[in-house]
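Fold and geometry: a report
The lines below spell out each chain.
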Amino acid sequence: MKKISIIMATALLIVSSCQQNKQEKMNDTAKTEHYTFELSDKVTRQKVTFKNRYGITLTGDLYIPKNASNNLSAIAISGPFGAVKEQSSGLYANQMAERGFVVLAFDPSYTGESGGEPRNVASPDINTEDFSAAIDFLGLHEKVDRNKLGIIGICGFGGFALNATAVDKRVKAVATTSMYDMSRVNAEGYFGSTTPEQRTKMLEEMSLQRWEDAKNGTPKYPENGLGQTNEKSPQFVKEYYDYYKTKRGFHERSLNSNGAWTATNSLSFMNMPLLTYIKEISPRPMLLIAGEKAHSRYFSEDAFKMASEPKELMIIPNAVHVDLYDKIDVIPFDKMETFFKTNLK
């Protein structure tokens, strides 16, 4: 009997030790996980996974108000283009959860902690679908009223957010900040500066690169573009550098901080306009927010002109594009709170 007791005590000690080691590892992971903002003490954050219609597993962070009731409104957030959920989208989610929403900030397909191979690829179709997959997830959550679902898209994911809302009638309201139309900027350049000859040359180069990628069995990745920033770079590029390449917004999984899109990434954007059916968002409301001094302001202004009512364009005085990534005193969270509380009901 004494021998059995010793064996049982030893076994319990081993189990306890394993549990302690497991907990210590979890605690270490929590301590070392890098976010570019502080989690609110009014909010809980939980890592979740879900699949899109193409079978790609997406990873997100779910932000829920502490002591939350049921039947809450919920918002899916992603962006900027080339960022991860530990950057701007997580900051937005944290803020909106403080205001009473269940919020899912997620890494798009092929980036961050989400699945998909090869890495660092974007697609007008798949990234639009990523938003709808997030709506799938939120609509099945026990604390969420599936009739009260909205989307926020930041930067390049503003265009995807509008496209997703146009096609996915479960989305009741959409807001964008510092919106980019990725199809337009890839196809035409900034302010339509790409000539037909330049467009043809770009397409020829990417077409030929496909043979190289096929031969090598892996895509070509250029150097991180922001790493080449210098005094002669355009001002908006310097502003991107100030966010992605400094302590302010750097994240090791963000390809804007630490990598690059594939050399052929622009191909699918060159002839697939994202905002073709923007009028079909109506009668659901949209809110477009842009900085007064943002190089990207015209994307929001032109989308506003194309869209049908109800719609609202909000220009933030003196703000540049990246100010709406993380400057809490500049981003109009109170306005977004009112917008979604009014329209998600």
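Here the structure is shown first, and the text comes after it.
Quick look at the structure, then.

Thresholds, definitions, all that
- Residues numbered from 1 in each chain as written.
- Predicted model: local features only at pLDDT ≥ 70, side-chain atom pairs only at ≥ 80, totals over all residues.
- Heavy atoms only, no water.
- Helix = DSSP H or I, 4+ residues; strand = E, 2+ residues; numbered from the N terminus.
- Contact = heavy atoms within 4.5 Å.
- Expected span 1.5 Å × (residues − 1).
- Buried < 20%, exposed > 50% of the residue type's maximum accessible area, 1.4 Å probe, protein only.
- Polar contact = N/O pair within 3.5 Å; in protein donor to acceptor, adjacent residues only side chain to side chain.
- Axes fitted to C-alpha atoms, helices over the stretch in contact; angles between N-to-C directions.
- Parallel < 35°, antiparallel > 145°, perpendicular 65-115°, else oblique.
- 1 Å grid on protein atoms, 1.4 Å probe; cavity = no way out; pocket = protein on both sides within 12 Å on 5 of 7 lines; lining within 4 Å.
- Points joined across faces, edges and corners; volume = space filled by probe spheres on them.
- Nonpolar A, V, L, I, M, F, W, Y, C, P; charged D, E, K, R; others polar.
- Pairing = 2+ DSSP bridges.
- Core = buried A, V, L, I, M, F, W, Y, C linked by side-chain atoms within 4.5 Å.
- Left-handed = near helix turned anticlockwise from the far one by under 90°.
- Salt bridge = Lys/Arg side-chain N within 4 Å of Asp/Glu carboxyl O.

Turning our attention to the side chain of D107. With respect to the helices and strands, the residue D107 is situated in the loop between β4 (102-106) and α3 (124-139). Non-local contacts of D107, meaning those with residues more than four positions away in its chain, are made with L58, T59, V84, K85, E86, G112, E113 and S114.

On to helix α4 (residues 156-167). For α4, which comprises twelve residues, the first-to-last C-alpha distance of 18 Å matches the rise-based estimate of 16 Å (1.5 Å per residue) to within 8%. Burial runs high along α4: eleven of the twelve residues are buried. Where α4 is concerned, the buried positions are G156, F157, G158, G159, F160, A161, L162, N163, A164, T165 and A166.

Another point: the side chain of T59. By the secondary structure assignment, T59 is in strand β2 (residues 57-65). Within the local environment of T59, its side chain forms a polar contact with the backbone oxygen of E113, the two atoms lying 3.1 Å apart.

One way to put it is that α3 packs onto α4 with a least axis distance of 8 Å and a crossing angle of 70°. Our classification of the angle between α3 and α4 gives roughly perpendicular. Listed contacts from α4 to P124, N127, T128 and F131 of α3 are F157, F160, A161, N163 and A164.

Here we take up empty space enclosed by the protein. Tallied over the full model, the rule gives one cavity of 30 Å³ or more. As a volume, the largest cavity reaches approximately 60 Å³. P80, F81, G82, A83, P108, S109, T111, V121, A122, N127, F157 and W261 together form the lining of the largest cavity. In terms of residue class, the lining of the largest cavity is made up of eight nonpolar, four polar and no charged.

Residue P283 follows S282 across a cis peptide bond; omega there is 10°. By the element assignment, P283 lies in the loop between α8 (255-258) and β7 (286-291). Between E309 and the following residue, P310, the backbone shows a cis peptide bond with an omega angle of 0°. Structurally, P310 is set in the loop between α9 (297-306) and β8 (311-316). Here N67, not a glycine, exhibits a phi torsion of approximately 60°, which is positive. Residue position: N67 is located in the loop between β2 and β3 (72-78). The exposure class assigned to N67 is exposed, which follows from its relative accessible area of 83%. One non-glycine residue with positive phi stands out, namely N120, at about 60°.

As a further point, take the sheet that holds β2. Working definition: the strands of a sheet are paired by backbone hydrogen bonds and lie parallel or antiparallel to each other. One open sheet holds the eight strands; their spatial order is β1-β2-β4-β3-β5-β6-β7-β8, and the pairing between them is mixed. In this open sheet, the two strands that pair with only one neighbour each are β1 (43-51) and β8. Strand after strand, the sheet turns through a mean of 20° between neighbouring axes, direction not considered. Examined bridge by bridge, β3 and strand β5 (residues 144-154) share six bridges and lie parallel to one another. For L72, the partnering residue across the bridge sits in β5 and is V144. Along the sheet, α3 contacts β1, β2, β3, β4 and β5; its crossing angle with β5, the most-contacted strand, is approximately 150°.

Turning next to the nonpolar core. Judged by nonpolar contacts, the single largest core of 90 residues is most densely connected at Y92, I152, L162 and F340. A per-element tally of this core places α3 first, with seven residues. In contact with I152, other than residues within four places in its own chain, are I75, A76, I77, S78, Y92, M96, F131, A175, M336 and F340.

Packing of helix α2 (residues 88-98) against helix α11 (residues 333-343) leaves a shortest axis separation of 10 Å and a crossing angle of 65°. The two elements α2 and α11 cross, and the hand of that crossing is right-handed. Across the interface between the two elements, L91, Y92, Q95 and M96 of α2 pack against F333, M336, E337 and F340 of α11. By residue class, the composition of the contact of α2 with α11 is six nonpolar, one polar and one charged.

Any two side chains of opposite charge can pair, so long as their charged atoms come close to each other. Within this structure, the stated rule accounts for 24 salt bridges. Note that R184 and E188 form a salt bridge whose closest N and O atoms lie 3.6 Å from each other. Within this pair, R184 and its partner E188 are both found in helix α5 (residues 182-188), separated by four residues, close to a single helical turn. A residue is classified by how much of its surface remains accessible, and R184, at 25% relative accessible area, is partly exposed. What makes E188 partly exposed here is its relative accessible area of 36%. Where D242 meets R248, a salt bridge forms, and the shortest distance between an N and an O atom there is 2.8 Å. For R248, a relative accessible area of 22% corresponds to the partly exposed category. Connected via shared salt-bridge partners are E33, K47, K85, E86, D107, E113 and R253.

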